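Each chain is listed here by its residues.
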Amino acid sequence: MRTRAFVSGLVASAALLAGLAAPSAASSREHSAPAAATRQGAEQVPAIGRRWAAAWLTTDTRDLARLYTKDAVYTDRALGLVFHGRDGVTEWETGSHQLIDGLRFEVTGGFGGRGEAVVQGVFSGHIVGAPRPFAVPAVTVLRLRGGLIRSSEDYYNRGEILSDSGLPADWTPAGA
């Protein structure tokens with residue numbers, strides 16, 4: 001199982017996607033070192049990012065939905081899924097918890113600015129029926145309005161989750 005190993009440049013890429021950093025040789029060197037995530041630390045994550053991660057750990061799916069605007073958009077880039085509004089956020093979280101036992105998102109670093117935040121961490125759990133649990137690096141970009149999340153985009157490697165879990169690369173959940 002691969003844990004806590006971040007793809008070189010993942011954080012820098014997320015920063016560029018969020019518009020929080022400009023590309024430069026210095027920033028590429030800084031973020032290509034595996035220790036960059038550790039140095040940044042979870043304490044650097046804006047409060048909304050820490051609340052977002054903590055809400056994934058509760059059994060009340062309304063905790064996560066309350067962090068979003070009524071017209072929010074939640075996008076899972078690895079799966080190509082998009083959910084709209086607080087009801088959509090609740091639907092996504094509910095389905096995720098039904099598919100993944102022990103779902104966790106451990107914050108390892110991140111940053112924020114100008115109405116946006118990036119949260120990096122380790123996404124882990126055990127897909128129901130899979131031979132093994134998984135733990136993979138993940139990044140979520142949060143765009144904010146009025147102290148709430150107006151959009152979020154999750155980035156992680158679906159193939160790595162399936163490989164860690166002992167599932168074939170073309171696996172899909174039953175009924176999908």
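Shown above is the structure to which this text applies.
Everything numeric in this text was worked out from a predicted model, so none of it was measured.

**Student:** For the overall build of the chain, give the residues involved together with the corresponding values.
**Tutor:** A count of helical and extended segments in the chain gives seven helices and six strands. Sequence-ordered secondary structure for the chain, helices as α and strands as β, is α-α-α-α-α-β-β-α-β-β-β-β-α. Across the 176 residues in the chain, those meeting the buried criterion constitute 44%. The long-range share in the chain, meaning contacts at least 24 apart out of those at least 6 apart in sequence, stands at 56%.

**Student:** So what about the nonpolar core? Which residues, and what values?
**Tutor:** Residues Trp52, Leu64, Tyr68, Tyr74 and Phe123 are the most contacted members of the largest nonpolar core, which totals 33 residues. When sequence neighbours within four positions are dropped, the list of residues in contact with Tyr74 reads Trp52, Trp56, Leu64, Tyr68, Leu81, Val82, Phe83, Val89, Trp92, Ser152 and Asp154.

**Student:** I'd like a description of the environment of His126, backed by residues and values.
**Tutor:** Note that His126 resides in strand S4 (residues 116–127). On a C-alpha basis, the gap between His126 and Ile161 in space is 9.6 Å, while along the polypeptide they are 35 residues apart. With residues near it in sequence (within four places) discarded, His126 still touches Leu99, Ile100, Asp101, Pro131, Arg132, Pro133 and Phe134.

**Student:** If you had to explain the packing of aromatic side chains to someone new, which residues and values would you point to?
**Tutor:** Going through the model one piece at a time under the given rule, you end up with eight aromatic pairs. Considering the side-chain rings of Trp52 and Trp56, the 6.4 Å spacing of their centres and the 75° angle between planes classify their relative orientation as edge-to-face. Residue Trp52 is classed as buried on the basis of its relative accessible area, which comes to 1%. With centroids separated by 5.1 Å and ring planes inclined at 70°, the aromatic side chains of Phe123 and Phe134 adopt a geometry described as edge-to-face.

**Student:** I'd like a rundown of the pairing of S4, residues and numbers included.
**Tutor:** The buried fraction of S4 is high, at 11 of 12 residues. In terms of strand pairing, strand S3 (residues 100–113) meets S4 through 11 bridges, oriented antiparallel. Residue pairing for S4: Gly110 is matched across the bridge by Val119. Counted between consecutive antiparallel strands, the loop separating S3 from S4 contains two residues, among which Arg114 sits at a positive phi close to 50°. One ladder, built from 10 bridges, connects S4 with strand S5 (residues 134–145); its direction is antiparallel. Directly across from Val118, in S5, lies its bridge partner Val141. In sequence, S4 turns back onto S5 through a hairpin of six residues, with Gly129 there showing a positive phi of about 90°.

**Student:** With reference to specific residues and values, describe the pairing of strand S1 (residues 68–76).
**Tutor:** Strand direction decides the pairing type here: S1 and strand S6 (residues 148–156), joined by five bridges, are parallel. Along S6, the bridge assignment pairs Asp76 with Asp154. Examined bridge by bridge, S1 and strand S2 (residues 81–84) share four bridges and lie antiparallel to one another. In the sheet register, Asp76 faces S2, and the bridge partner there is Leu81.

Rules used throughout
- Throughout this document, residue positions are counted from 1 along each chain, in the order its sequence is written.
- The predicted origin of the model limits local features to residues at a pLDDT of at least 70 and limits the giving and counting of side-chain atom pairs to 80 or more, whereas totals for whole chains, interfaces and linings rest on all residues.
- Calculated side-chain values reflect all of the structure's heavy atoms, with hydrogen atoms and water omitted.
- Numbering of helices and strands runs from the N terminus; a helix is a DSSP stretch of H or I covering at least four residues, while a strand is a stretch of E covering at least two.
- To sort residues, take the accessible area from a 1.4 Å probe on protein chains only and compare it with the maximum for the residue type: under 20% means buried, over 50% means exposed, and anything in between is partly exposed.
- Contacts are residue-level and defined by heavy atoms, with any inter-residue pair within 4.5 Å sufficient.
- Buried residues of nine kinds, namely Ala, Val, Leu, Ile, Met, Phe, Trp, Tyr and Cys, make up a nonpolar core once their side-chain atoms join them within 4.5 Å.
- The rule is short: rings of Phe, Tyr and Trp, with Trp giving its six-membered ring, pair when the centres are within 6.5 Å, and they are stacked under 30 degrees, edge-to-face over 60, tilted in between.
- DSSP calls a pair of strands paired once it identifies at least 2 bridges connecting them.

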